[in-house]
Amino acid sequence: MGGRDKIEIKRWMLRKGVTVYGIRDALGYKTHGAVSNTLADRQDNRKVLGYLLEKGCPKKYLGLPKDMKGMA
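I will try to describe carefully the structure that is included in this document. Values in this document were obtained by computation on a predicted structure and should not be read as measured data.

### Regarding the overall build of the chain
Scanning the chain for helices and strands turns up five helices and zero strands. The order of α-helices and β-strands along the chain, N terminus first, is α-α-α-α-α. Overall size of the chain, expressed as C-alpha extent along the three principal axes, is 30 × 25 × 20 Å. Here the chain, with 72 residues, has 39% of them falling under the buried criterion. In the chain, the share of contacts with a sequence separation of at least 24, taken over all contacts with a separation of at least 6, comes to 43%.

### Observations regarding the nonpolar core
Residues Ile9, Met13, Ile23, Leu39, Leu52, Cys57 and Leu62 are the most contacted members of the largest nonpolar core, which totals 18 residues. Of all the secondary-structure elements, those providing two or more residues to this core are helix H1 (6–16), helix H2 (20–27), helix H3 (33–39), helix H4 (46–55) and helix H5 (59–62). Tallying contributions element by element places H4 first for this core, with five residues. When near neighbours in sequence (up to four residues on either side) are disregarded, methionine 13 contacts Val18, Thr19, Val20, Ile23 and Leu39.

Cut-offs applied
- Residues numbered from 1 in each chain as written.
- Predicted model: local features only at pLDDT ≥ 70, side-chain atom pairs only at ≥ 80, totals over all residues.
- Heavy atoms only, no water.
- Helix = DSSP H or I, 4+ residues; strand = E, 2+ residues; numbered from the N terminus.
- Buried < 20%, exposed > 50% of the residue type's maximum accessible area, 1.4 Å probe, protein only.
- Contact = heavy atoms within 4.5 Å.
- Core = buried A, V, L, I, M, F, W, Y, C linked by side-chain atoms within 4.5 Å.

This is the structure in structure tokens:
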């Protein structure tokens, strides 16, 4: 996938009080699978990545897909 820095994303989430379940709820998902898979770089869910960008997660940690590189 995109070369996501999972450790730095988790550190950022801890500092900001962002949780997998909080992201799931904010995006209206019934399960946390899409969020977890995106954070683990097994999936490129654009809603999850967009949410993280919107909350201030540094782009350099996210390994964004090519079509999202110009965002934020």
